Amino acid sequence: MSCPLHGEMPEPIYQGTEDPATSYEWMPARPAAAELLALDRLTLAAVTTGTVDLPSGDRVHAGIWLRTMRTLTDEITRPAALLRRGGYDRITRLWRDAGRQFHCSLGRLVPFEAMLPSGANSS
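Residues numbered from 1 in each chain as written. Predicted model: local features only at pLDDT ≥ 70, side-chain atom pairs only at ≥ 80, totals over all residues. Heavy atoms only, no water.

Caption draft 1: Region of interest: the packing of helix 1 (residues 34-49) against helix 2 (residues 62-77). Across the interface, helix 1 lies against helix 2 with an axial gap of 9 Å and an inter-helix angle of 135°. Accordingly, the angle class assigned to the pair helix 1 and helix 2 is oblique. Every pair of crossing elements has a handedness; the one defined by helix 1 and helix 2 is left-handed. Taking contact as the criterion, the partners of Leu39, Leu42, Thr43, Ala46 and Val47 in helix 1 are, on helix 2, Ala62, Trp65, Leu66 and Met69. Residues that form the contact of helix 1 with helix 2 fall into these classes: eight nonpolar, one polar and no charged. (Axes fitted to C-alpha atoms, helices over the stretch in contact; angles between N-to-C directions. Helix = DSSP H or I, 4+ residues; strand = E, 2+ residues; numbered from the N terminus. Parallel < 35°, antiparallel > 145°, perpendicular 65-115°, else oblique. Left-handed = near helix turned anticlockwise from the far one by under 90°. Contact = heavy atoms within 4.5 Å. Nonpolar A, V, L, I, M, F, W, Y, C, P; charged D, E, K, R; others polar.)

Written out as structure tokens, the structure reads:
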């Protein structure tokens, strides 16, 4: 989600040109939230070193870290009708604690890999 090396959010703007190399220009840098940077730095460590050293001192294998991140993504974007009994309250509390409404700005819910970069998944 962010560039953990530069501490910024990448934000492409489509320019509508024919040449893919010049299809996007970058907006001025927007700093990423500290929490997002911390998570992205851990994920970068997972894919570049094979392990994640957690702030607690524990070391986690990259495969476990990446599967955990995927599971978390699936859980917080799961349609309300598919949440287990009691799961709805926990997931909506996570969204509320983040200062957002349940599924805020997600549009039509699709698997992460099927989402369009433009965010045009809304129906």
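Additional details are given in the paragraphs that follow.
Caption draft 2: Quick peek at the pattern of salt bridges. Taken as a whole, this structure holds one salt bridge when the rule is applied. Between Asp53 and Arg59 there is a salt bridge whose closest N-O contact spans 2.7 Å. Since its relative accessible area comes to 58%, Arg59 is described here as exposed. (Salt bridge = Lys/Arg side-chain N within 4 Å of Asp/Glu carboxyl O. Buried < 20%, exposed > 50% of the residue type's maximum accessible area, 1.4 Å probe, protein only.)

Caption draft 3: Here's a closer look at helix 2. Here helix 2 is 16 residues long and its end C-alpha atoms lie 23 Å apart, about the 22 Å a rise of 1.5 Å per residue gives. Buried residues of helix 2: Ala62, Trp65, Met69 and Thr77, and no others. Along the axis of helix 2, the buried residues cluster in a sector spanning 85°; they form a single face. Counted as exposed and oriented over 90 degrees from the buried face of helix 2: Ile64 and Arg67. Against helix 1, strand 5 (51-53) and strand 6 (59-61) lie the buried residues of helix 2. (Expected span 1.5 Å × (residues − 1). Arc of directions from axis to C-beta.)

Caption draft 4: Structural view of the nonpolar core. Among the nonpolar cores identified, the biggest contains seven residues, and these are Leu42, Ala46, Val52, Val60, Ala62, Trp65 and Met69. When contributions to this core are tallied by element, the ones reaching two or more residues are helix 1 and helix 2. In terms of residue count, helix 2 provides more of this core than any other element does, three residues in total. Excluding residues within four positions of it along the chain, Leu42 makes contact with Val52, Asp53, Leu54 and Trp65. (Core = buried A, V, L, I, M, F, W, Y, C linked by side-chain atoms within 4.5 Å.)

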